[in-house]
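Here is how the chains run, residue by residue.
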Amino acid sequence: MKIKKENACLPGSLFKNHRKTGNLCNSSQELFLKKQKLHRKKVRILRIIIILAFLALWETAAYLGWIDDFIFSSPSRLVLCFINLTQGGVIWQHIRITLLETVVSFLLVVGITVLTSILLWSKKSISETVEPYLVILNSLPKSALAPLLIVWLGANYRTIIVTGMSVAIFGSILSLYQGFLGVDPDRVRLIETLGGERRHVLTKVVLPANIPNLLSIMKVDVGLCLVGVVIGEFISSRCGLGYMIIYGSQVFKLDWVILGIVILCIIAMGLYEILVLAEKLYRKKIC
């Protein structure tokens, strides 16, 4: 009878132990998540402290005469310059044009990159023929192409958009194509064994596996497109932040130059954060 009672009590003890183990796991997981949130808060606070300290040091150096505020400007001068430019609406026009050109060139780069990478992956003969030329074009200094593009296409928005595309597109194609080639061959073989065609391999394995890679490439491309657009505006534009910077340097309005650079940094950071948010949403969706 004792043996039966002990055996009868055994499942209950196991259940209690299991509940204790589960509670410990939950508490450790909650502790880990709290540490991660605390770490992210610390990082954000440190970033804010660094930028505020830099601005304070910059303003102090200009006020005390450690630096020439005519050449290096100062945060207060930049604020006044921005207010003056907003009164006539000039600054918003420059921002709008540069942002539009960057977004258009970025979207074109992404679309052409995906289509070209699919073509190279689908036709091995084409990839073997074209790949060396892509490497050469990617290594060319794109600023040297801008004057030629002006002669070929004219001094217009189309030239600036193509210049922005030229900075990013060749490296993007090579990176995404290498990602296509790096897909697990066992998964490809499984689709083929089940009777799938080449297009099924592409849509069911290759493209889904490379979405994180594509998002990473896009985060790099958006900055490169902005750089290319500014290079184009330096040479062939009468509006945009690139034009504002080059014009300000020519007439010694250095506040315009530094303000244009600051706004470009803000635009680049904003576009990058949008893509980071898209990546987070995608990861939540697949999880």
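A.B. asks: Can you explain a nonpolar patch on the surface? Please cite residues and give values.
C.D. replies: Taken together, Ile48, Ile51, Leu52, Phe54 and Leu55 make up a surface patch of nonpolar side chains, about 470 Å² in accessible area. Here Phe54 lies in helix H1 (residues 2–64). Note on Phe54: relative accessible area 48%, which makes it partly exposed.

A.B. asks: Summarise the environment of Ala144; cite the residues concerned and give the values.
C.D. replies: Tracing the sequence through the fold places Ala144 in helix H6 (residues 142–153). When the C-alpha atoms of Ala144 and Leu176 are compared, they prove to be 25 Å apart, with 32 residues separating the residues in sequence.

A.B. asks: How would you summarise the packing of helix H7 (residues 157–181) against helix H10 (residues 211–236) if you had to cite specific residues and measurements?
C.D. replies: Between H7 and H10, the least distance of the axes is 6 Å, while the angle of their chain directions is 155 degrees. The orientation of H7 relative to H10 falls into the category roughly antiparallel. For the pair H7 and H10, the sense of crossing is right-handed. Packed against H7, whose contacting residues are Thr159, Ile160, Thr163, Gly164, Val167, Ala168, Ser172, Ser175, Leu176 and Gly179, the element H10 presents Asn213, Leu214, Ile217, Asp221, Leu224, Cys225, Gly228, Val229, Ile231, Gly232, Glu233 and Ser236 at the interface. Tallied by class, the residues present in the contact of H7 with H10 amount to 10 nonpolar, 10 polar and 2 charged.

A.B. asks: Give a description of unusual backbone geometry that names residues and reports values.
C.D. replies: Peptide bonds are trans in most cases, and residues, glycine excluded, mostly fall at negative phi. Positive phi is not limited to glycine here, since Ser73 has a value of about 60 degrees. Tracing the backbone shows Ser73 in the loop between helix H2 (69–72) and helix H3 (75–87). Under the relative-accessibility criterion, Ser73 is labelled buried at 0%. Not every positive phi belongs to a glycine, and Phe252 is a case in point at roughly 60 degrees. Note that Phe252 resides in the loop between helix H11 (241–250) and helix H12 (254–286). The class of Phe252 is exposed, set by a relative accessible area of 57%.

A.B. asks: Provide a residue-level description of the packing of aromatic side chains, including the pertinent values.
C.D. replies: Counted under the stated rule, the structure contains 4 aromatic pairs. On the numbers, 5.8 Å between centres and 20 degrees between planes, the contact of Tyr243 with Tyr247 is stacked. With Tyr243 and Tyr247 both in helix H11 and 4 residues apart, the pair spans about one turn of that helix. We classify Tyr247 as partly exposed; its relative accessible area is 30%. An aromatic cluster of at least three residues, connected via ring pairs, comprises Tyr243, Tyr247 and Trp256.

A.B. asks: Can you lay out the environment of Lys284 for me, pointing to particular residues and giving the numbers?
C.D. replies: Mapped onto the fold, Lys284 is located in helix H12. Of the residues examined, Lys284 reaches a relative accessible area of 66% and is grouped as exposed. Counting along the chain gives 244 residues from Lys284 to Arg40, while the straight-line C-alpha distance between them is 18 Å.

A.B. asks: Got a sec to walk through helix H5 (residues 124–139)? Specific residues and values, please.
C.D. replies: Between its first and last C-alpha, H5 extends 23 Å over 16 residues, near the 22 Å set by a 1.5 Å rise per residue. For H5, the principal kink sits at Val130 and spans about 40 degrees; a proline, Pro132, occurs within the next four residues.

A.B. asks: Which residues make up the environment of Leu100, and what are the values?
C.D. replies: In this structure, Leu100 sits in helix H4 (residues 90–122). Accessibility expressed as a relative area gives 55% for Leu100, which makes it exposed.

A.B. asks: Could you give an account of the confidence of the model for the protein, with specific residues and numbers?
C.D. replies: Per-chain confidence: the protein averages 85 in pLDDT, with 91% of residues scoring 70 or above. Taken as a whole, residues 1–10 scores under 50 in pLDDT and shows 0 contacts with residues more than four places along the chain or in a different chain.

A.B. asks: Any details on the side chain of Ser172? Residues and values, ideally.
C.D. replies: Residue position: Ser172 is located in helix H7. What makes Ser172 buried here is its relative accessible area of 1%. Those residues in contact with Ser172, other than ones at most four positions away along the chain, are Val109, Thr113, Ile217 and Asp221.

A.B. asks: Residues and numbers for the pattern of salt bridges, please.
C.D. replies: Across all of its chains, the model carries 6 salt bridges by this definition. A salt bridge links Lys219 to Glu279; the nearest nitrogen and oxygen atoms lie 2.7 Å apart. Of this pair, Lys219 sits in helix H10 while Glu279 is found in helix H12, placing the two residues 60 residues apart along the sequence. The residue Glu279 makes a salt bridge to Arg283 at a minimum N-O spacing of 3.1 Å. Note that Glu279 and Arg283 are positioned in helix H12 at a spacing of 4 residues, about one turn of the helix. The exposure class assigned to Arg283 is partly exposed, which follows from its relative accessible area of 41%. Shared partners join several salt bridges into a network, and the residues in it are Asp69, Arg77 and Asp255.

Thresholds applied
- Residues numbered from 1 in each chain as written.
- Predicted model: local features only at pLDDT ≥ 70, side-chain atom pairs only at ≥ 80, totals over all residues.
- Heavy atoms only, no water.
- Patch = residues over 30% accessible without salt bridge, like charges linked within 9 Å, V, L, I, M, F, W, Y side chains within 5 Å.
- Areas by Shrake-Rupley, 256 points an atom, 1.4 Å probe, with all protein chains shown as cover.
- Salt bridge = Lys/Arg side-chain N within 4 Å of Asp/Glu carboxyl O.
- Helix = DSSP H or I, 4+ residues; strand = E, 2+ residues; numbered from the N terminus.
- Buried < 20%, exposed > 50% of the residue type's maximum accessible area, 1.4 Å probe, protein only.
- Axes fitted to C-alpha atoms, helices over the stretch in contact; angles between N-to-C directions.
- Parallel < 35°, antiparallel > 145°, perpendicular 65-115°, else oblique.
- Left-handed = near helix turned anticlockwise from the far one by under 90°.
- Contact = heavy atoms within 4.5 Å.
- Nonpolar A, V, L, I, M, F, W, Y, C, P; charged D, E, K, R; others polar.
- Phe/Tyr/Trp six-rings, centres within 6.5 Å; stacked < 30°, edge-to-face > 60°.
- Expected span 1.5 Å × (residues − 1).
- Bend = angle between axes of the 7 residues up to and from the residue.
- pLDDT = per-residue confidence, 0-100.

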